Amino acid sequence: LINNEQSIGLCIHRINHQIDQGTLLSSTEIPRDMNDNQIDIDKKFETVIEAGLFNEALSNYTNGVSHELTAGKYHESLISKFKEIRPAEHNSTFVFNLFKSQSTFGGVSVAGTLFTQCHFYNEAMDSHYADGKVFSCLDGKKVILSSVGI
């Protein structure tokens, strides 16, 4: 989510001792909507798996159809990397995606306050932002952060 991917890959593979390597049995990509959070993506994964990805992997394993994965891609954990951020040091898209990726993991702290929700600020919607706090980002755009849905 944090890298603003337009789609997210899902694969089923027989693992070996390396990260994201082994024998690929089945894979697909799912589209990512800008407003997806981790729960939304998990639901999309469940739908794809139930629609046949697991059965395809099982069939490929049984029939010896596979492809060796040799160059895994590992994304560093964000658990301790972004505990406290300053929106003014990041562009608004990064801040938005960071909050989408971390909302189900307790949120992100800004100026000593823990926030779980992020939206792009629209001055015309000011009356709807009673519970939020507005921050300017590096790219000149503003985001509104809150601990409850806006």
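(A) The overall build of the protein, seen in detail. Scanning the protein from terminus to terminus reveals two helices and nine strands. The order of α-helices and β-strands along the protein, N terminus first, is β-β-α-β-β-α-β-β-β-β-β. Looking at the protein as a whole, 32% of its 150 residues are labelled buried. Put simply, 58% of the contacts in the protein that link residues at least 6 apart link residues at least 24 apart. Counting only carbon and sulfur atoms, one obtains 51% of the accessible surface of the protein, whose full area is about 9500 Å².

(B) Layout of a nonpolar patch on the surface. On the surface, a nonpolar cluster with roughly 270 Å² of combined accessible area is contributed by Ile49, Phe54 and Leu58. Residue placement: isoleucine 49 occurs in helix H1 (residues 38-62). Owing to a relative accessible area of 35%, isoleucine 49 belongs among the partly exposed residues under this scheme.

(C) Structural context of the sheet that holds strand S1 (residues 7-15). The strand order across the open sheet formed by three strands is S1-S2-S3, and the pairing between neighbours is antiparallel. Only two strands of the sheet have a single partner each, and these edge strands are S1 and strand S3 (67-69). Adjacent strand axes in the sheet meet at a mean angle of 50° when their direction is disregarded. Where strand S2 (residues 22-31) lies against S3, three bridges are found, and the strand directions are antiparallel. Bridging across to S3, glycine 22 finds its partner in leucine 69. Here H1 sits on the sheet and contacts S1 and S2; the angle it forms with S2, its principal contact strand, is near 145°.

(D) Up close: the nonpolar core. In this structure, Ile85, Val95, Phe99, Val110, Cys118, Val143 and Leu145 are the most contacted members of the largest nonpolar core, which totals 14 residues. At the level of secondary structure, the elements contributing two or more residues to this core comprise helix H2 (92-102), strand S5 (108-110) and strand S9 (142-146). Ranked by the residues each element gives to this core, the list is headed by H2, at four residues. Residues contacting valine 143, with those up to four places away along its chain left out, are Ser92, Val95, Cys118, His119, Phe120, Tyr121, Lys133, Val134, Phe135 and Cys137.

Reading guide: rules and limits
- Residues numbered from 1 in each chain as written.
- Predicted model: local features only at pLDDT ≥ 70, side-chain atom pairs only at ≥ 80, totals over all residues.
- Heavy atoms only, no water.
- Helix = DSSP H or I, 4+ residues; strand = E, 2+ residues; numbered from the N terminus.
- Buried < 20%, exposed > 50% of the residue type's maximum accessible area, 1.4 Å probe, protein only.
- Contact = heavy atoms within 4.5 Å.
- Areas by Shrake-Rupley, 256 points an atom, 1.4 Å probe, with all protein chains shown as cover.
- Patch = residues over 30% accessible without salt bridge, like charges linked within 9 Å, V, L, I, M, F, W, Y side chains within 5 Å.
- Salt bridge = Lys/Arg side-chain N within 4 Å of Asp/Glu carboxyl O.
- Pairing = 2+ DSSP bridges.
- Axes fitted to C-alpha atoms, helices over the stretch in contact; angles between N-to-C directions.
- Core = buried A, V, L, I, M, F, W, Y, C linked by side-chain atoms within 4.5 Å.

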